[in-house]
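An overview of the molecular structure
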Amino acid sequence: METRTHRLYANGLNHHVRDSGGDAGPVALLLHGFPDTGAVWDRVTRRLTEAGFRIIAPDMRGFGESDMAGGKAGYDINAGAIPDSVEILRQLGVEAAHVVGHDFGAPVAWGLAARYPSLFRSLTAVSVGHARAYLRAGPAQMARSWYVVMHQMRGLCEALYRAGDWRLLRRHWSSAGDVDAVIANLSRPGRLAAALDWYRANLSLARMLRQPPMGAFGEEIVRAPTLGLWSDGEAYLTEKQMRLSEDYVEAPWRYCRIDGASHWIQLDAPDALAGALIAHWRAA
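A brief look at the structure comes next. Keep in mind that what you see is a predicted model, and the values were worked out from it rather than measured.

Parameters at a glance
Residues numbered from 1 in each chain as written. Predicted model: local features only at pLDDT ≥ 70, side-chain atom pairs only at ≥ 80, totals over all residues. Heavy atoms only, no water. Helix = DSSP H or I, 4+ residues; strand = E, 2+ residues; numbered from the N terminus. Rg over C-alpha atoms; globule rule 2.2 N^0.38 Å. Buried < 20%, exposed > 50% of the residue type's maximum accessible area, 1.4 Å probe, protein only. Lys, Arg positive; Asp, Glu negative; His and termini not counted. Charge placed at Lys NZ, Arg CZ, Asp CG, Glu CD. Pairing = 2+ DSSP bridges. Axes fitted to C-alpha atoms, helices over the stretch in contact; angles between N-to-C directions. Contact = heavy atoms within 4.5 Å. Parallel < 35°, antiparallel > 145°, perpendicular 65-115°, else oblique. Left-handed = near helix turned anticlockwise from the far one by under 90°. Nonpolar A, V, L, I, M, F, W, Y, C, P; charged D, E, K, R; others polar. Polar contact = N/O pair within 3.5 Å; in protein donor to acceptor, adjacent residues only side chain to side chain. Right-handed = clockwise from strand over helix to strand, strands pointing away. Arc of directions from axis to C-beta. Patch = residues over 30% accessible without salt bridge, like charges linked within 9 Å, V, L, I, M, F, W, Y side chains within 5 Å. Areas by Shrake-Rupley, 256 points an atom, 1.4 Å probe, with all protein chains shown as cover. Salt bridge = Lys/Arg side-chain N within 4 Å of Asp/Glu carboxyl O.

1. Description of the overall build of the protein chain
- Of the regular secondary structure elements, the protein chain holds 13 helices and eight strands.
- The C-alpha radius of gyration of the protein chain comes to 17 Å, within 12% of the 19 Å expected for a compact globule of 284 residues.
- For the protein chain, the spread of C-alpha atoms along the three principal axes comes to 50 × 40 × 35 Å.
- Out of the 284 residues belonging to the protein chain, those deemed buried represent 60%.
- With 31 positive and 30 negative side-chain charges, the protein chain shows a spacing of 4 Å between the two charge centroids.

Following this line, the structure appears as structure tokens:
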């Protein structure tokens, strides 16, 4: 697999971007979430490039080798990650792409597909459905979202994560691949707070309790072919919030459940994920 890395200045920050598969094939933008980097896609990227696709996987702002924003406001995805993604594609000369988002990358992908229909040929939401579907999913989803509340507690949350050799992260995010590598990334100055500011800027309690959530991300209707992927080992998101997402897509919608995988489908079931993506992209 041929992979180049770029250091691109976009929307006020330097971004570390993995670019795999050469320049000839159709392009897909893969967006990661907490607490990952673009490397979380490596297992599936190999399969996608073998099928002829070019895969672009940035470290989202504040993660990996991309710059941190100056404060919480810099992680609002409307001002940060969405324009970051559009500018990265522009600098790489990409005129059309498929977009895939996992975890916090999913609401970024929902927003991109809704706002830039001429740029994005299709959307794939991995694990996380539409923002309004998430809010409609009921008490079971709220119970699984306990960590969102914890992440609002600036200072205390950081201390809880670091306590006991990162015991909390090792216990609750144990499926996130190489946990020691994740901890090494988050241990660098400012990086844990930057990662948590994604939650503080976008999923504050005040925002989540408003109906509809005024100013929230990912609220728009999507008019691109959309694939929703959910796994039966998912610990943080209910199946209901993904299935309800169909209500916010005015285009072909397909739901795919992958059994035997945790929240990190790209790590646990890369063949199944790659197969679903390839079929979706070729049909779009």
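2. As for the sheet that holds strand E4 (residues 54-58)
- Ordered in space as E1-E2-E4-E3-E5-E6-E7-E8, the eight strands form an open sheet in which the pairing is mixed. This sheet does not close on itself; its edge strands, each paired only once, are strand E1 (3-10) and strand E8 (253-262). Looking at each pair of strands side by side, their axes are set apart by 20° on average, direction ignored.
- Pairing of strand E3 (residues 27-31) with strand E5 (residues 97-102), which is carried by four bridges, proceeds in the parallel orientation. Residue pairing in the sheet places Leu30 in a bridge with Val100 of E5.
- Relative to the sheet, helix H13 (residues 270-283) contacts E3, E4, E5, strand E6 (120-126), strand E7 (226-233) and E8, its axis offset from that of E6 by approximately 150°.

3. Considerations on the packing of helix H7 (residues 156-172) against helix H8 (residues 179-186)
- Interaxial distance between H7 and H8 falls to 11 Å at its minimum, and their mutual angle equals 125°. By the angle between their directions, the pair H7 and H8 is classed as oblique. The hand of the H7/H8 crossing is right-handed. Taking contact as the criterion, the partners of Trp166, Leu169 and Arg170 in H7 are, on H8, Val179, Asp180, Val182, Ile183 and Leu186.
- Looking at the contact of H7 with H8, its residues break down into six nonpolar, no polar and two charged.

4. Quick notes on the side chain of Gln141
- In this fold, Gln141 is placed in helix H5 (residues 139-144).
- Polar contacts involving the side chain of Gln141 include one to the main-chain carbonyl oxygen of Tyr236, which spans 3.0 Å.

5. Overview of the environment of Gly71
- Topologically, Gly71 is positioned in the loop between E4 and helix H2 (81-91).
- With a relative accessible area of 29%, Gly71 lands in the partly exposed category.
- Between the C-alpha atom of Gly71 and that of Ala194, which follows or precedes it by 123 residues, the distance is 7.8 Å.

6. Observations concerning the environment of Leu196
- Tracing the backbone shows Leu196 in helix H9 (residues 191-202).
- Taking C-alpha positions, Leu196 is 8.9 Å from Pro35, a pair spaced 161 residues apart along the chain.
- Residue contacts for Leu196: discarding those within four places in its chain leaves Phe34, His151, Cys157, Glu158 and Tyr161.

7. Considerations on the packing of H2 against helix H3 (residues 105-115)
- At a closest axis distance of 9 Å, the pairing of H2 and H3 adopts a crossing angle of 65°. As for the relative orientation of H2 and H3, their crossing is right-handed in sense. Residue-level inspection shows Ala81, Ile82, Ser85 and Val86 of H2 in contact with H3, the latter providing Val108, Gly111, Leu112 and Arg115.
- Grouping the amino acids of the contact of H2 with H3 by side-chain chemistry returns five nonpolar, two polar and one charged.

8. Thoughts on the pairing of E6
- When you tally the buried positions in E6, you get six out of seven residues, the bulk of the element.
- Here six bridges tie E5 to E6, and the two strands are oriented parallel to one another. Looking across to E6, one finds that Val100 is bridged to Thr124.
- Handedness of the crossover is the feature at issue here: the chain leaves E5, passes through H3, returns alongside E6, and the resulting connection is right-handed.

9. Looking at H8
- Within H8, burial applies to Val179, Val182, Ile183 and Leu186. Within H8, the buried residues cover an arc of 95° as seen down the axis, which keeps them to one side.
- Looking at the buried positions of H8, the neighbouring elements they touch are H7 and H9.
- Between the side-chain oxygen at the start of H8 and the backbone nitrogen of Asp180 there is a gap of 3.2 Å, and the oxygen is on Asp178.

10. A few points about a nonpolar patch on the surface
- A grouping of Val149, Met153, Leu156 and Leu160 is seen on the molecular surface, where their side chains present a nonpolar patch of about 320 Å² in accessible area.
- Among the structural elements, Val149 can be located in helix H6 (residues 146-151).

11. Considerations on the environment of Arg223
- Assignment of secondary structure puts Arg223 in the loop between helix H10 (205-209) and E7.
- The spatial distance from the C-alpha of Arg223 to the C-alpha of Ala113 is 7.6 Å, given a sequence separation of 110 residues.
- The residues touching Arg223, leaving out its near neighbours within four places in the chain, are Glu250 and Ala251.
- Engagement of the side chain of Arg223 in a polar contact is seen with the side chain of Glu250, the distance being 3.3 Å.

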